[in-house]
Amino acid sequence: MQTKPIEMTLRPGLEGVPVTQSSICDIDGAKGNLSYRGYPIGDLTAQSSFLEITYLLIWGELPSPQQLRDFEGEVQMHRRMSFRVRDMMKCFPATGHPMDALQASAASLGLFYSRRAIDKPEYIYDAVVRLIAKIPTMVAAFQLIRKGQDPIQPRDDLAYSANFLYMLTEREPDPLAARILDRCLILHAEHSLNASTFSARVTASTLTDPYAVIASAVGTLAGPLHGGANEDVLAMLEEIGVPEKAGQYLDEAITNKRKIMGFGHREYRVKDPRASILQSLAEELFARFGKDEMYDVAQAVELEASKRLGAKGIYPNVDFYSGLVYRKLGIPRDLFTPVFAISRVAGWLAHWREQLGANRIFRPSQIYTGMKTRKWIPPEERNSSSVD
Ligand code: CMC
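Definitions and limits used
Within each chain, residue numbers correspond to sequence positions counted from 1 in written order. In view of the model being predicted, local features appear only for residues whose pLDDT reaches at least 70, and side-chain atom pairs are presented and counted only at 80 or more, with totals across whole chains, interfaces and linings using the full set of residues. Excluding hydrogens and water, the side-chain figures rest on all heavy atoms present in the structure. One requirement defines pairing of two strands: DSSP has to find at least two bridges between them. Helix numbering and strand numbering both begin at the N terminus, where a helix is a DSSP run of H or I of at least 4 residues and a strand a DSSP run of E of at least 2. For the domain bounds, the source is a domain assignment made automatically or taken from a database. Accessible-area loss on putting two parts together, using a 1.4 Å probe and summing over both, is the definition of buried area adopted here. The working definition used for a salt bridge is a side-chain nitrogen of Lys or Arg within 4 Å of a carboxyl oxygen of Asp or Glu. Identification of polar contacts relies on pairs of N or O atoms within 3.5 Å, with a donor-acceptor requirement for protein atoms, meaning one able to donate a hydrogen and the other able to accept it, and with residues adjacent in sequence counted only if both atoms are side-chain atoms. The cut-offs for exposure are 20% and 50% of the maximum accessible area for each residue type, with area from a 1.4 Å probe on protein chains only; residues under the lower value are buried, those over the upper are exposed, and the others partly exposed. Comment: arc refers to directions from the helix axis out to C-beta atoms. Whether two residues touch is decided by their heavy atoms; if any such pair falls within 4.5 Å, the residues are in contact. Distance thresholds for patches are 9 Å for like charges and 5 Å for nonpolar side chains (Val, Leu, Ile, Met, Phe, Trp, Tyr), applied to residues having over 30% relative accessible area and no salt bridge. The method behind every accessible area is Shrake-Rupley, applied with a 1.4 Å probe, and residues are considered shielded solely by the protein chains displayed. What makes a residue near a molecule or strand is one non-hydrogen atom of that residue sitting within 4 Å of it. Gly is placed with the polar residues, together with every amino acid not listed as nonpolar (Ala, Val, Leu, Ile, Met, Phe, Trp, Tyr, Cys and Pro) or charged (Asp, Glu, Lys and Arg). In this description, a nonpolar core means a group of buried Ala, Val, Leu, Ile, Met, Phe, Trp, Tyr and Cys residues linked to one another through side-chain atoms lying within 4.5 Å. Aromatic pairing here means that ring centres of Phe, Tyr or Trp (its six-membered ring) are within 6.5 Å. Orientation follows from the plane angle: under 30 degrees is stacked, over 60 is edge-to-face, and everything else is tilted.

### Side note on the sheet that holds strand β1 (residues 25–28)
In spatial order, the strands read β1-β2-β3; together these three strands make up an open sheet with antiparallel pairing. Each end of this open sheet is capped by a strand with a single partner; those strands are β1 and β3 (39–40). Two elements, β1 and strand β2 (residues 33–36), share four bridges in a ladder whose sense is antiparallel. Paired with C25 across the strands is Y36, a residue of β2.

### Section: the domain arrangement of the protein
For the protein, the assigned domains are domain 1 (22–225 + 335–357) and domain 2 (229–328). The gap between the C-alpha centroids of domain 1 and domain 2 is 26 Å. For the pair domain 1 and domain 2, the two sides together bury roughly 2400 Å², of which 67% comes from carbon and sulfur. Scanning the region where domain 1 abuts domain 2 turns up two salt bridges. The shortest N-O distance in the salt bridge between R288 and D174 comes to 2.8 Å. Inspection of the region where domain 1 meets domain 2 yields eight residue pairs in polar contact (both at pLDDT 80 or more).

### What to know about helix α12 (residues 246–255)
Of the positions making up α12, those classed as buried are A246, G247, Y249, L250 and A253. Along the axis of α12, the buried residues cluster in a sector spanning 160°; they form a single face. Buried positions along α12 lie against α11 (229–240) and α14 (294–309). Positive backbone phi, approximately 55°, marks K257, located one or two places after α12.

### Some points on a nonpolar patch on the surface
Nonpolar side chains collect at one region of the surface, where M8, L10 and I367 lie side by side and expose about 310 Å² of accessible area between them. The topology assignment puts L10 in the segment before β1. With a relative accessible area of 62%, L10 lands in the exposed category.

### Let's talk about the site of the ligand
Around the ligand, a shell composed of 20 residues is seen, among which H226, I260, F263, R266 and K312 lie nearest. Here L225 contributes a backbone N or O atom positioned 3.0 Å from a nitrogen atom of the ligand. In this structure, a nitrogen atom belonging to the ligand sits 2.7 Å away from a main-chain N or O atom of I260. Look at the ligand: alone it shows 920 Å² of surface, and the protein chains cover 68% of it. Grouping the amino acids of the shell around the ligand by side-chain chemistry returns ten nonpolar, six polar and four charged. When residues of the shell around the ligand are assigned to domains, at least three fall in each of domain 1 (22–225 + 335–357) and domain 2 (229–328).

### A short note on the nonpolar core
The biggest cluster of nonpolar side chains holds 116 residues, and the ones touching the most others in it are Y36, L237, V301, I331 and W352. With 15 residues, helix α6 (residues 121–146) is the largest single contributor of residues to this core. Counting contributing residues per domain, this core is built from domain 1 (22–225 + 335–357) and domain 2 (229–328), each supplying no fewer than three. The contacts of Y36, once residues within four sequence positions are left out, are I24, I41, L44, I53, L56, L57, I186, L187, H188, A189 and E190.

### Examining the packing of aromatic side chains
The final tally for this structure, using the stated rule, is 14 aromatic pairs. Measuring from ring centre to ring centre gives 6.3 Å for F92 and F142, while their planes differ by 55°; the resulting arrangement is tilted. One end of the pair, F92, is in the loop between α4 (83–90) and α5 (98–112); the other, F142, is in helix α6, with 50 residues separating them in the sequence. Owing to a relative accessible area of 3%, F142 belongs among the buried residues under this scheme. Taken together, a centroid distance of 6.0 Å and an interplanar angle of 35° make the contact between Y113 and Y211 tilted. In this pair, Y113 sits in the loop between α5 and α6 while Y211 sits in helix α10 (residues 210–221), placing the two residues 98 residues apart along the sequence. Its relative accessible area of 27% is what places Y113 among the partly exposed residues.

Right, here's the structure in full:
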């Protein structure tokens, strides 16, 4: 068999290297357009629900009313978590990060549903339902457990996002708050081959179970260059304190080569369309429940950053305004990234299914830069020079 010569040019971060084909999500980074399965994100956020979008992303078409009712009903039935997972979570340190708790809890589902039948559509449907249903319950449960309380049971009369806020805050949420959270979940549900989705696809390509796929993606999302940036944005705004100090803060950060959190994106050269929608959701919430004092600082940072970084195509990304929305919804800061994960599970599962449909295990190559063949040295002849 003749093999094609393999190009050995190093592309750090795989920038611009296509590694798969996908029909799930399309990004036009120059124009700032984003669509899921061909539907513009603005239309979906205004008119749809998170579960409907989950269905669209995973199965490729908007569900019929009956399909949606069935899917919502199944998800509702599987929202409860085993007492074993709850008891396991009680052993987690209360000071641990909720993303670590989520990663461990998601992975533990593989122990309970270990029969792997990824070639069966029923197995895929059940796994999707279970993960979409249980991830929010796990996030809310850890929040109560770390405060020394027992998690509360999901409420069957509440829809997906309202129920999550109820399990988290122990209060039935205002309908506007629940609707805005649902719209945030739609916005965060999918974004092509970002780091966590790539992790999900790499893990999926080994044909392991979907719980391992989601657990690996959660671990990847947690980093500050990815989903974890939403926590850091609020810390940055608070450090700046007042709008007048935004310019000075940015000058110092740029001089010292520090990244401005919530800015920049590998795909976008203009403002991330999700940031614009999140900003308007924040304003909707502020009009009803009062303004977050950091909003003026955020706007000043956006203005000053556009003067300094706009020429390089660095503008607010999805993480810039999401924290202000989540804080107004009563979500604690270290749960911002877990809330992102609740939503992104939909995209990860869509990619899991797509990967299984045309699988080839991911096994890239490397350019070796280490030593060539060396002679083994007996311990007594070695120097004690330090290693990194
Ligand atoms: N602040 C200041 N300069 C920046 C920023 C920023 N936030 N982002 C990129 N740059 C500069 C960077 O210093 C570099 O400049 P130069 O060419 O002069 O050395 C240039 O832009 C290219 O940066 P890069 O880091 O090589 O770009 P990338 O495509 O590898 O990184 C990124 C993309 C999102 C990791 C990066 O923009 C970043 O670190 N942003 C801050 C963290 C953040 O907000 N992450 C959330 C990303 S969006 C949602 C998500 O993925 O969850």
